[in-house]
Every structure is written in structure tokens, then in C-alpha cells.
Amino acid sequence: MPSAGEEPAGPLSFRELLAIALASTMTSLDRTVVVVALPSMAHGLGFGLVAAHWTISVYVLATAALVLLGGRLGSTAGLMRTFRWGVVVFALASAGCATVPAGGAAFPALVGFRALQGAGAALMWPAAIPMVTDAFVRAAQGRAVALFCGVSQLAGALGPLVGGAVTGTLGWRYVFWLNIPIAVLICGLTSRGTPGPRPAGPRPAGPRPPCAKPLLVVPGVCLVVLALQQSAAWGVASWRFCASLGAGLLITGVFCRTTLRSPRPQIDLRLFARRRFGVDVLVNCGLQLGLFAVFVNSALYIQEVLHFRPLQAGIAQTPLLAGVILGSQAAGRLFDRTGSARVPVLCGLVCALAGVGMWIAALSSSSYVWHLPGMVLSGLGAGAQAAVTADAMKAVPALRRPDASALLAVTQQLSAVVGLAVAGTAVATHAKADAGSALVDTRAVTAGFVVSLGFLVVTFCGAALFLGRCRSITGRRCADGAGGHEPSAPGVRPCPFVRGCGEFPGAGSRSPAAPRTGPR
């Protein structure tokens, strides 16, 4: 049953669900094939290690910076309409990446088109997850999100193989041409679709804030990441590092302040006041801080240190992403069975810690077989993201899920970029000067993996302490954690213990909307 203020909508058709799955496939495939093609791309265009990392980071940055606006557009223009816009933008940007000319302008052009790809993904993802979640009953939402993540991760698992085959036979440019036929098929499947559900009823009074305010986060985050990625070359005591980091933090702080003070913010950061949702977001950030850099640097290690060809490197990385698929399905089922993300997330973090630790021990070996246990366990640990995503969507009312999905996605992407920047700094600092044309060596990759392992240790400690323990400041536990009940649920009155918390069953039949009488 839709919540109060939400426009009732019929279930998604099979064509629309298939289109959402294909879009997830397209973005996940693009992300992994580009990582496998990165060494060939860097050598072909003359990039160094930092520039190669920027090719990945700028896509994630654009997605993180604009996914908030994607969530707001989904709430106002309709989820399916916003989704279609994202597909078109992503396809046009892919064509631009595939046709970047060689020469001095190659790197700026490629970075620009990769940023445009990220903008297209930022429109698709905040609309896709709420549509999938709302298409299933509450008891099956964990499995629905796990299935959605599983389709995405299956494409990601096939991405290294596809990217290696395409790069080795046709060249790195053709990894971008792969997106065009998928995008055309998605547009055909959704051409007869409706705009999708959006909020109904009276709009809040007051002028709408200008759209430029949310864009303050773009230069702020870019300056922070620039400082982190260039810290190895500039030095942490240099004025350029301090100025870039300080300016980025200042601009990001101004963005947060103006958003929180706005009566009608384009991006509702007040969702973080729901403790259950906030804890889920922090755990998800920790997973991305630790594991995204492991995936990127391992792709460089396999080709630059083990000297695998692109196709061989794609096959070699398949166990890592196959573990992600199995881990996400197991996490989703555990979440549905236990009703909490605590068990699947802690199990996943244990697997991730063991996997990265074993992988660090095997980096000095030139035999690929010794790397397999660490790869599989790291992938299983990454699958815990499915349980975190499902729990975060369950922690907010249905009407707020587009905004919640956007906040979850943007923090996930920003954490991935920051983790890659910090680990990349360790890699660049420990790289040998006599490594020749190789982007990385064993000593440098080991340093990056150790940084990632540290992030995972902190995440595990935080999850063990706070995840699934959402109590109010008075020590009373609200029903369904914090924020799980819908405002229109019968026999429910507002929780008096935590501002922004959920609701708990109250005695009697007092309506939640009944005015309060008597002294305070």
C-alpha cells in the first residue's frame, strides 16, 4: 500500500524491469571493462599512474556529485522518466569516449566524457533502486535488492573477461562502444513506459531553492580528491596540498550548511538524523573505502607485475567478482531471514578482512594460484553491500526512498574515490623509481592493500558496535529499529525519544495526526 502523499502506481511491467536490469548491466560492465583496459589505455595515450587513477575517479566523482540531483529529479519528474534521461546521456558520453582523438588533448577529452558518463549513471541509479524496491512486498525486498545487485554484479563479473577479450583483439576504444547497443535496447523497452511514481498532494509552501546550491559539492569534493591524489607529488606540507584540501573542505562545509538551513532543500541531508539509516550509510562507506581500491590496484598488479595479457587478466579477475555475486545473494537472504543487516554485514566484513590479509601475503608470489583464496574471500565480503542497501531502504518511508537512495549512492561513490585516492597515494609513494614503463610494482601495490585493510578494520569495529543497535538517547528501543514504520500505519503514534526516528505502536486508537491538548 502506498504511503500518504505517494501517488499510487501499478507494478512495473516485465519490459521495464528488464530495462532496469539491462541498465544495471551496462553501467557495471562499463566500470569493470574500463578497469581492465586501463593499462592499455594509459600506455596508448601516455598516462602515468595518477592520470590512470583519475580516469576512474572522475567517473565516480561525477556520479557522486550529481546523483543527489538525480534523486531529486526522480521525486519530481518521475522515476522512469529520469531513468530514461540517464540512459541517453550515458550512451552519448560512451560514444565520445570511444572517439577521443590521440594527441595532447586526449587526456582532457577522455576525462570530460568520463565525467559525462558519470552524470548519466547519476540519473539512472537513484531511480532504479526505488522502482525495484517498490515492485515487491516488504518481506521480499531484501531478496529483490539482492537480485538487482546480483544482476549488476554478474555483469561486473563478466566485465573483466569481456574487457580483456575486446581490448586484446580490437583495442581499448571498443570497450566504450559496447554500451551503445545496450542503451538502444533499453530505450526501446521503456519507450512506452509511464513517467513513474512521484509525490502527490500539496507541495510545501515557499520558494524552491536554486539548483546551483547542490552543485557546490562538485568543486568541493574535486578539490579534496585532487589534494589526496597529488599528495605524493606535492607533499602533505606543501601550500598546494593545504590550499586544495582546505578549500575543498570549506566549500563542502558551505554546501552542507546551506542545505541543512534550507526549508525546502534540493537534497535532504536530514535523512541522516535517522540513526538506522545513518549507520547503514557509514558501514557502506567503510566497505567502499576498503574494497574499491583493492579492485582497481589488483587489475594494475595482474597486468603490470604478473605480466598477464588483457584477456588473461580478465579471466584472472573473474573469481574476485564471482565472489561478489555469491556474497550479495547470501547477504540478501540472511537479511530477509534475520530482519537485520548485522549478521550478513559482520560475516561479510570477516571475509573481507581475511581475504585482503591473505592477498597481501600472496602479493610477493609470482604464482597466480596463491592469489585465488584472497580474491574469492574479498569478493564475498563485498557482497555485504546488498544487505546494507536493503536495510537502508527499509529504514525510511517509501516516499523518501528516492532521496535516501541518492544519499546512499553519493556517499558510496565518494567513499570509493577517497579510498582510491588514499591508497593510490600509498602506491605512488612506494613505487620504485626504476620500475621502467610499468605503472606499479609489488612493493607499491602491497602498500595500497595495507591502507585498504586498515579501512576494513575500522569498519568492522564500527559495525560490531553500532549496526543493529539503534536505540534512542533514553535507552528505549523503537519498534523496527529507527524509522522503519510508515507514517500512515494504523495504531501508531510518533516516537517521542529521537527526533526523526520512526514510530512505535502505542496504546489506544489515538490518531497520529490528532492535535495535542493540555500543557506541555
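Residues numbered from 1 in each chain as written. Predicted model: local features only at pLDDT ≥ 70, side-chain atom pairs only at ≥ 80, totals over all residues. Heavy atoms only, no water.

Engineer: Tell me about the overall build of the chain, and please be specific about residues and values.
Structural biologist: A tally of regular secondary structure across the chain gives 17 helices and two strands. Burial analysis of the chain (520 residues in total) assigns 54% to the buried set. Taking as baseline every contact in the chain between residues at least 6 positions apart, the subset at least 24 positions apart corresponds to 79%. On the chain, roughly 21,300 Å² of surface is accessible, and the fraction owed to carbon and sulfur atoms is 68%. (Helix = DSSP H or I, 4+ residues; strand = E, 2+ residues; numbered from the N terminus. Buried < 20%, exposed > 50% of the residue type's maximum accessible area, 1.4 Å probe, protein only. Contact = heavy atoms within 4.5 Å. Areas by Shrake-Rupley, 256 points an atom, 1.4 Å probe, with all protein chains shown as cover.)

Engineer: Lay out the packing of aromatic side chains in plain terms, naming residues and giving numbers.
Structural biologist: In the structure shown here, the tally under the stated rule is three aromatic pairs. Each ring, one from W172 and one from F176, has its centre 6.4 Å from the other, and the planes form 85°; the classification is edge-to-face. We note that W172, like F176, is buried. Between W359 and F449 the ring centres are 5.3 Å apart and the planes differ by 85°, which places this aromatic pair in the edge-to-face class. Within this pair, whereas W359 is found in helix α13 (residues 342-362), its partner F449 is found in helix α17 (residues 442-466), the two being separated by 90 residues in sequence. The same class applies to W359 and to F449, which are both buried. (Phe/Tyr/Trp six-rings, centres within 6.5 Å; stacked < 30°, edge-to-face > 60°.)

Engineer: Residues and numbers for the packing of α13 against helix α14 (residues 372-382), please.
Structural biologist: Relative to each other, α13 and α14 sit at 155°, their axes nearing to 7 Å. It follows that α13 is roughly antiparallel to α14 by the angle criterion. Our pair here, α13 against α14, has a crossing hand that is left-handed. Residues G348, C351, A352, A354, G355, V356, M358 and W359 of α13 lie in contact with α14, whose contacting residues are P373, G374, M375, L377, S378, L380 and G381. Considered class by class, the residues forming the contact of α13 with α14 number ten nonpolar, five polar and no charged. (Axes fitted to C-alpha atoms, helices over the stretch in contact; angles between N-to-C directions. Parallel < 35°, antiparallel > 145°, perpendicular 65-115°, else oblique. Left-handed = near helix turned anticlockwise from the far one by under 90°. Nonpolar A, V, L, I, M, F, W, Y, C, P; charged D, E, K, R; others polar.)

Engineer: How would you explain the side chain of S57 if you had to name every residue and give the values?
Structural biologist: Tracing the chain through its elements places S57 in helix α2 (residues 49-76). When neighbours within four sequence positions are excluded, S57 is seen to be in contact with Q229, V417 and L420.

Engineer: Give me the lowdown on unusual backbone geometry, citing residues and values where you can.
Structural biologist: Backbone geometry at H307 places phi at a positive 60°, although glycine is not the residue there. Mapping H307 onto the fold places it in the loop between α11 (275-304) and α12 (310-338). For H307, a relative accessible area of 62% gives the class exposed.

Engineer: So what's going on with the side chain of N179? Residues and values would help.
Structural biologist: On the secondary structure map, N179 appears in helix α7 (residues 179-189). Since its relative accessible area comes to 0%, N179 is described here as buried. Look past the residues within four positions of N179 in its chain and what remains in contact with it is M26, D30, F90, S94 and Q117.

Engineer: So what's going on with the nonpolar core? Residues and values would help.
Structural biologist: Ranked by internal contacts, the top residues of the largest apolar core, which has 109 residues, are F83, F176, I186 and V345. The biggest single contributor to this core is helix α1 (residues 14-45), with 14 residues. When residues no more than four places from it in sequence are discounted, the contact partners of F83 are A19, I20, A23, L123, M124, A127, M131, I186 and T190. In terms of nonpolar packing, the next biggest core, distinct from the first, is built from twelve residues, L269, L271, A404 and L408 among them. (Core = buried A, V, L, I, M, F, W, Y, C linked by side-chain atoms within 4.5 Å.)

Engineer: Mind laying out the environment of H43, listing which residues take part and the relevant values?
Structural biologist: Structurally, H43 can be placed in helix α1. When its relative accessible area of 42% is taken as the criterion, H43 is described as partly exposed. C-alpha separation for the pair H43 and L439, spaced 396 residues apart in sequence, amounts to 9.1 Å.

Engineer: Please set out the packing of α11 against α14 residue by residue, giving values where relevant.
Structural biologist: Interhelical geometry of α11 versus α14 gives an angle of 145° and a closest axis separation of 11 Å. In this structure, α11 crosses over α14, and the sense of that crossing is left-handed. Listed contacts from α14 to L287, L291 and I302 of α11 are M375, S378, G381 and A382.

Engineer: Please set out the confidence of the model for the chain residue by residue, giving values where relevant.
Structural biologist: With 73% of its residues at a pLDDT of 70 or more, the chain shows a mean pLDDT of 74. The low-confidence segment residues 1-10, where pLDDT is below 50, has 19 contacts with residues more than four positions distant or belonging to other chains. Here residues 470-520 is a poorly scored stretch, pLDDT under 50, and it has 79 contacts once near neighbours within four places are set aside; other chains count. (pLDDT = per-residue confidence, 0-100.)

Engineer: Describe a nonpolar patch on the surface, with residues and values.
Structural biologist: Among the surface-exposed residues, L158, L161, L311 and I315 lie close enough to one another that they form a single nonpolar patch of about 330 Å² accessible area. Breaking the nonpolar patch down by element, the ones donating at least two residues are α5 (141-169) and α12. Turning to its location among the elements, L311 is positioned in helix α12. L311 gets classed as partly exposed once you look at its relative accessible area, which sits at 38%. (Patch = residues over 30% accessible without salt bridge, like charges linked within 9 Å, V, L, I, M, F, W, Y side chains within 5 Å. Salt bridge = Lys/Arg side-chain N within 4 Å of Asp/Glu carboxyl O.)

Engineer: Now, about α12: what can you tell me, with residues and values included?
Structural biologist: In this model α12 runs 42 Å from its N-terminal to its C-terminal C-alpha over 29 residues, within 8% of the 42 Å that 1.5 Å per residue would give. Of all the bends in α12, the greatest, near 35°, is centred on T318, and the proline P319 appears no more than four residues after it. Phi for G339, located one or two positions after α12, is positive at around 75°. (Expected span 1.5 Å × (residues − 1). Bend = angle between axes of the 7 residues up to and from the residue.)

Engineer: Give a description of helix α8 (residues 217-229) that names residues and reports values.
Structural biologist: Its 13 residues give α8 an end-to-end C-alpha distance of 18 Å, which sits within 8% of 18 Å, the value for a rise of 1.5 Å per residue. Looking only at α8, the buried set comprises V217, G220, V221, V224, V225, A227, L228 and Q229.

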